[in-house]
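# Inside the fold
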Amino acid sequence: MHSVGIDLGKTTFHLVALGAAGKVLVRKKFTQKQLLIFTANMQTSLIGMEACSGAHFLGRALRSQGHDVRLIAAKFVKPFVKSNKNDFIDAEAIAEAVERKNMRFVPIKTDDQLDLQAIHRVRDRLMSRRTAVINQLRAFLLERGLVFAKTPSKLRDAMPEVLENAGASLTPQMLHLIEILWGEWKMVEQQIEQLGDELERISAADAGCTRIRKIPGIGPVVATAIVAAIGNGAAFRKGRDFAAWLGLVPGQYSTGGKAKLLSISKRGNVYLRKILIHGARAAVLRIKRDRAPIGAWLDALDLRAHKNVVVVAMANKLARIAWAVLSSGEEYRPLPNKLPA
């Protein structure tokens, strides 16, 4: 066997093994338990899988059996799919893609990284749920002539008075629904705060998070999200590769020797890019530029670019600095501010 491709499913797994000449040697369908038994008795092989749900667990299990396991993004497998699509054809395409020397692979995450990633995903879902509850609550009150300022804090402060003096504006049925929504809002808010405290605790205990939290614009939420996504940054050769993976560099459509750069590509981890841009926005607005090493660069960029471009450029720079700190294992050391002569 020269390479093996495994197409992952919820309950069934399809395996295709190729020989040195690309000929199909094995084509089998397994349950997860059957697959692990088969691979345990199989010769040590190069095994490829798409980076999807369950891939990290299976990747660690196969590595413990001695196999060379590599995860591939699904979009890099698609060009190798021939003609129609089924699970065996997908597995064969994975087996072909994993052989490529210049293929980009996804590092297998540790249990700690998966735990951190899960906290962030639950927290993000709760924040979306909170927004939905607030919007529904505001819409119901608007239908009854009760209007409040735009920010959630204004509505939150007014809710006790609304519930106390709502007899003239709200029917008993609507008042009951408003009470349910208000209770749900408080419950979700409490859960978000608990997860935020948990991220704070983890970031304070983790050496990598502690180092990158010294970078302006990176707090416990951004720090733990970066560590959960890339660990020590070994998957990238340089900081620009990490920024490109986040979609923080211009898209390119060049031909005939003419370079054409577009807006940022927005590829990769959408959640991490979002919170990194939020952190960059806070840094741009609050940093004391006359004292910060990056202040002169920000001032020069402000003169020639839109404020949103400045924020994204700052997010790009923060990502590259964070990668450098994580990959080198050293502390963040800002360069001294060079004042003009």
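This section reports on the structure supplied with the text. (Residues numbered from 1 in each chain as written. Predicted model: local features only at pLDDT ≥ 70, side-chain atom pairs only at ≥ 80, totals over all residues. Heavy atoms only, no water.)

## So, the pairing of strand S5 (residues 68–72)
Rules: Between any two strands, pairing holds if DSSP finds at least two bridges. Per the convention used, a helix needs a DSSP run of H or I reaching at least four residues, while a strand needs a run of E reaching at least two, with both numbered from the N terminus. With the strands aimed away from the viewer, a crossover counts as right-handed if its path from the first strand over the helix to the second runs clockwise.
Here strand S4 (residues 46–50) runs beside S5; their pairing, made up of 5 bridges, is parallel. By the bridge assignment, Gly48 is partnered in S5 with Arg70. One crossover worth recording links S4 to the parallel S5 by way of helix H2 (residues 55–64), and it is right-handed.

## Quick look at the pairing of strand S2 (residues 13–18)
Worth spelling out the cut-off: Accessibility here uses a 1.4 Å probe with only protein chains present; expressed as a share of the type maximum, an area under 20% marks a residue as buried, one over 50% as exposed, and anything in between as partly exposed.
The buried fraction of S2 is high, at 6 of 6 residues. Of the two faces of S2, the one holding Phe13, Leu15 and Ala17 and the one holding His14, Val16 and Leu18 are both buried throughout. Sheet analysis places strand S1 (residues 3–7) next to S2, joined by 5 bridges and oriented antiparallel. Residue Gly5 lies in a different strand from S2, and its bridge partner there is Val16. With antiparallel pairing between neighbouring strands as the criterion, S1 and S2 make up a hairpin whose turn holds 5 residues. Between S2 and the antiparallel strand that follows it, strand S3 (residues 24–30), lie 5 residues; Gly22 among them carries a positive phi value of about 85 degrees.

## Quick look at the packing of aromatic side chains
The following threshold applies: Centres within 6.5 Å make a pair out of two Phe, Tyr or Trp rings, where for Trp the six-membered ring is used; the pair is then stacked when the planes are under 30 degrees apart, edge-to-face when over 60, and tilted otherwise.
For the structure shown, the criterion picks out 5 aromatic pairs. On the numbers, 5.0 Å between centres and 35 degrees between planes, the contact of Phe30 with Phe38 is tilted. On the accessibility criterion, Phe30 (10% relative accessible area) is buried. The exposure class assigned to Phe38 is partly exposed, which follows from its relative accessible area of 22%. Relative to Trp185, the ring of Trp182 has its centre 5.4 Å away and its plane inclined at 85 degrees; by these criteria the two rings are edge-to-face. With Trp182 and Trp185 both in helix H7 (residues 172–205) and 3 residues apart, the pair spans about one turn of that helix. Residue classification places Trp185 among the buried positions, given a relative accessible area of 2%.

## Description of helix H6 (residues 152–164)
Threshold: A helix is expected to reach a length of 1.5 Å times the quantity of its residues less one. Here the bend at a residue means the angle between the axes of two seven-residue stretches, the one that ends at it and the one that starts at it. When checking whether two residues touch, look at their non-hydrogen atoms; a contact exists if any pair is within 4.5 Å.
For H6, spanning 13 residues, the distance from its first C-alpha to its last is 19 Å, which sits close to the expected 18 Å at 1.5 Å a residue. The largest bend in H6 amounts to roughly 40 degrees and is located at Ala158, with the proline Pro160 lying one to four residues further along. Taken together, the buried positions of H6 are Leu155, Ala158, Met159 and Val162. Of the surrounding elements, those touching the buried residues of H6 are helix H5 (111–143) and H7.

## Some remarks on the side chain of Thr224
Residue placement: Thr224 occurs in helix H9 (residues 220–230). Filtering out sequence-adjacent residues up to four positions away, Thr224 remains in contact with Leu116, His120, Leu199, Ile202, Ser203 and Cys209.

## Notes on the sheet that holds S5
Heads up, the condition is: Only the stretch in contact is used when a helix axis is fitted, and all axes are lines through C-alpha atoms; the angle between N-to-C directions ranges over 0 to 180 degrees.
Read from one edge of the open sheet, 5 strands run S3-S2-S1-S4-S5, paired in mixed fashion. Two strands in the sheet have a free side with no partner beyond their single neighbour: S3 and S5. Strand-to-strand twist of the sheet, defined as the mean angle between neighbouring strand axes without regard to direction, takes the value 20 degrees. Contacting S1, S2 and S3, helix H1 (residues 32–40) crosses the sheet at an angle of about 145 degrees to S3. Contacting S1, S2, S3, S4 and S5, helix H4 (residues 87–97) runs over the sheet at an angle of about 45 degrees to S2.

## Notes on the environment of Leu276
Relative to the helices and strands, Leu276 resides in helix H11 (residues 270–286). Residue Leu276 is classed as buried on the basis of its relative accessible area of 0%. The spacing of Leu276 and Ile287 is 11 residues in sequence and 16 Å in space, taken between C-alpha atoms. Dropping the residues within four chain positions of it, Leu276 is found in contact with Val222, Ile226, Leu246, Leu248, Ala315, Leu318 and Ala319.

## Section: the packing of H1 against H2
For the record, the criterion: When describing relative orientation, an angle under 35 degrees is termed roughly parallel and one over 145 degrees roughly antiparallel, while 65 to 115 degrees is termed roughly perpendicular and anything else oblique. Here is the rule for handedness: rotate from the far helix to the near one, and if that takes an anticlockwise turn smaller than a right angle the crossing is left-handed, while a clockwise turn gives right-handed. Residue type decides the class: Asp, Glu, Lys and Arg count as charged, Ala, Val, Leu, Ile, Met, Phe, Trp, Tyr, Cys and Pro as nonpolar, and the leftover types, Gly among them, as polar.
Put simply, H1 and H2 touch, their axes get as near as 10 Å, and they point 25 degrees apart. One way to sum up the angle between H1 and H2 is to call them roughly parallel. Between H1 and H2 the crossing geometry is right-handed. Contacts from Gln32, Leu35, Leu36 and Thr39 in H1 reach Phe57, Leu58, Ala61 and Leu62 in H2. Partitioned by chemical class, the residues of the contact of H1 with H2 number 6 nonpolar, 2 polar and no charged.

## Quick word on helix H12 (residues 295–304)
We count it as follows: Regarding the arc, it is the one traced by the directions from the helix axis to the C-beta atoms.
Taken together, the buried positions of H12 are Gly295, Leu298 and Leu301. Down the axis, H12 shows its buried residues gathered within 125 degrees of arc, on one side only. Looking at H12, the residues exposed on the side facing more than 90 degrees away from the buried face are Leu303 and Arg304. Its buried side turned inward, H12 meets H11 and helix H13 (307–328).

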